[in-house]
Amino acid sequence: MRATPIDATQRRLVVGIVIATLMTFAIVIVDLARGGRADPRTLRAAATLLDGPWRFRTGDAPRWADPSTDDSGWETIDLTAAPGSHDGDVGLPDYVGGWMAHGHPGYHGYAWYRRAVTVPAGAASWDILGPTLVEDGYELYWNGQLLGGSGRLGPDPRVVGTRPLRFALPAAAAGTRGMLAVRAFLLPRSAPGGDAGGMHSAPILAPRPIAAALHRAQWERTVAGYIVEVIEPIAMFAVIGLALGFRSRSSKKEFLILASVALAFMAARRLNNAIVAWTDLMDLRTYSWLASWMWVPTVAFWTMAWNRWLLRPWRSIDVSAVVLAVAAFVGAATHAASVTRGSRLGSIALLVAIAVRIVRDRPIRILPVVTLASIIAAFFGGELLDPIGVPGIWFPFGIGVSRTQYIYAVAVPLLALLIVRTIQSGPQSDRQLRAA
């Protein structure tokens, strides 16, 4: 059977998708290149990175913010980063291991850091740029005075993603030596990393307006680190609009409806990353909870959608998808890793079976098979790509871009092109439009 010729509407849509994709790639590349630049040397030369040895103690006591506290018996943690070090996610510079890498494996809860800081004399006002990566929340004190922090600590802590923050030192701080204290809090984790806990980068002391310029550079890096998590969801919602807008003319109406639901879940999951990195709207507990289950309905809807790409959908596949989704929810709720893994392997088997049927039921259609394969790879990289050594993240321009983001950058345009190919033209389409 020969492929349906592309009509004028389809041709215009294909051209629009290609142009939009290329323009989006260009915008992302420019932002990654800008955000990945090193801080200007002139700015860093005028500022002081407060690395080196800090006094450290696990536990929590408000008096530890007071400069008169005797910390001579505390441990020492060196926050000096190795040259060229960066975190494994965004690519934030000056990365050091947390307290788990300094003799406290498995510890979660509160801990304090302290060090004396000399503020140069002069007429300048001075700021402290907070650490750009802390697990998970922190408060910063100067001579016992709370300057601010990330999240809300206390009896019922609410921790959020660490963002670049700038704290003004008191006007009288110039020309004095004061005590800088950081109170950090780490949420309990089922499988914490070997270097988790507390500060992963040192604060910076800088005069104004140098501090403002460095703070802006930190934000450019943070925005670049999550820009793809905003751009790709926008593209997903655009594809949903395309699918729903042309549903009445499509030969795969049920596929488009279910795929749109799956895309909406995908977009929401990706947007959560940017929301928690850029704002305080979502705390880390909520983020972790959502991340543990949002993939479940997404995979279920994708399975049912691709089942309807077939000429004769199998009801057994729909039932199996629902059963596996229920099992995955149970696994997430009970932290039963074996149940979750079984559900994921079962979902892979269903999607692979659908791909085989797509090939067998009709002449091989490259586009649907490749699109389905990209979606499988995006959701099941741990099972399919990790064993063959495909890295989970790359750092183009010094900014982290995850494997999943790369795959979505291919899958979303392919899905848009696939939707366009389902649009019917000619007398049959005209009759459908008149009947709608």
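Cut-offs applied
- Residues numbered from 1 in each chain as written.
- Predicted model: local features only at pLDDT ≥ 70, side-chain atom pairs only at ≥ 80, totals over all residues.
- Heavy atoms only, no water.
- Buried < 20%, exposed > 50% of the residue type's maximum accessible area, 1.4 Å probe, protein only.
- Helix = DSSP H or I, 4+ residues; strand = E, 2+ residues; numbered from the N terminus.
- Pairing = 2+ DSSP bridges.
- pLDDT = per-residue confidence, 0-100.
- Contact = heavy atoms within 4.5 Å.
- Expected span 1.5 Å × (residues − 1).
- Lys, Arg positive; Asp, Glu negative; His and termini not counted.
- Salt bridge = Lys/Arg side-chain N within 4 Å of Asp/Glu carboxyl O.
- Axes fitted to C-alpha atoms, helices over the stretch in contact; angles between N-to-C directions.
- Parallel < 35°, antiparallel > 145°, perpendicular 65-115°, else oblique.
- Left-handed = near helix turned anticlockwise from the far one by under 90°.
- Nonpolar A, V, L, I, M, F, W, Y, C, P; charged D, E, K, R; others polar.
- Patch = residues over 30% accessible without salt bridge, like charges linked within 9 Å, V, L, I, M, F, W, Y side chains within 5 Å.
- Areas by Shrake-Rupley, 256 points an atom, 1.4 Å probe, with all protein chains shown as cover.

## Thoughts on the pairing of strand β10 (residues 177-186)
Part 1 of the reasoning: Taken across its 10 residues, β10 has nine buried, putting it largely inside the fold.
Part 2 of the reasoning: Judged from the 10 bridges that link them, strand β4 (residues 109-118) and β10 form a sheet pairing that is antiparallel. Bridging across to β10, Ala 111 finds its partner in Ala 184.
Part 3 of the reasoning: For strand β7 (residues 137-142) and β10, the ladder comprises six bridges, and the chain directions are antiparallel.

## Overview of the confidence of the model for the chain
Part 1 of the reasoning: When pLDDT is averaged across the chain, the result is 92; 94% of the residues are at 70 or more.
Part 2 of the reasoning: This model gives residues 427-436 a pLDDT under 50, and the stretch forms eight contacts once residues within four places in sequence are excluded.

## Some points on helix α4 (residues 228-245)
Part 1 of the reasoning: Between its first and last C-alpha atoms α4 spans 25 Å; for 18 residues at 1.5 Å apiece the expected length is 26 Å, and the two agree.
Part 2 of the reasoning: The inward-facing, buried residues of α4 abut α1 (8-35), α3 (210-226), α5 (253-278) and α12 (403-421).

## With respect to helix α10 (residues 366-379)
Part 1 of the reasoning: With 14 residues, α10 should reach 20 Å at 1.5 Å per residue; the first-to-last C-alpha distance of 20 Å fits that figure.
Part 2 of the reasoning: Burial in α10 covers these residues: Pro 368, Thr 371, Leu 372, Ser 374, Ile 375, Ile 376, Ala 377, Ala 378 and Phe 379.

## What about the side chain of Asp 87?
Part 1 of the reasoning: The residue Asp 87 is located in the loop between β3 (75-78) and β4 in this model.
Part 2 of the reasoning: For the buried residue Asp 87, which engages in no salt bridge, the nearest side chain bearing the opposite charge is Arg 221, 8.1 Å off.
Part 3 of the reasoning: What Asp 87 contacts, discounting residues up to four positions off in sequence, is Leu 92, Tyr 95, Leu 133 and Phe 395.

## Regarding the packing of α5 against helix α7 (residues 295-307)
Part 1 of the reasoning: In the contact formed by α5 and α7, the axes pass within 8 Å of each other and the chain directions differ by 160°. Classified by the angle between their axes, α5 and α7 sit roughly antiparallel to one another. The two elements α5 and α7 cross, and the hand of that crossing is left-handed. Contacts between α5 and α7 pair Phe 255, Leu 258, Ala 259, Val 261, Ala 262, Leu 263, Phe 265 and Met 266 from the former with Pro 297, Thr 298, Phe 301, Trp 302, Met 304, Ala 305 and Trp 306 from the latter.
Part 2 of the reasoning: The residue makeup of the contact of α5 with α7, split by class, is 14 nonpolar, one polar and no charged.

## Re a nonpolar patch on the surface
Part 1 of the reasoning: Together, Val 18, Leu 22, Phe 25, Ile 29 and Phe 397 make up a nonpolar patch on the protein surface, roughly 460 Å² of accessible area in all.
Part 2 of the reasoning: Relative to the helices and strands, Ile 29 resides in helix α1.

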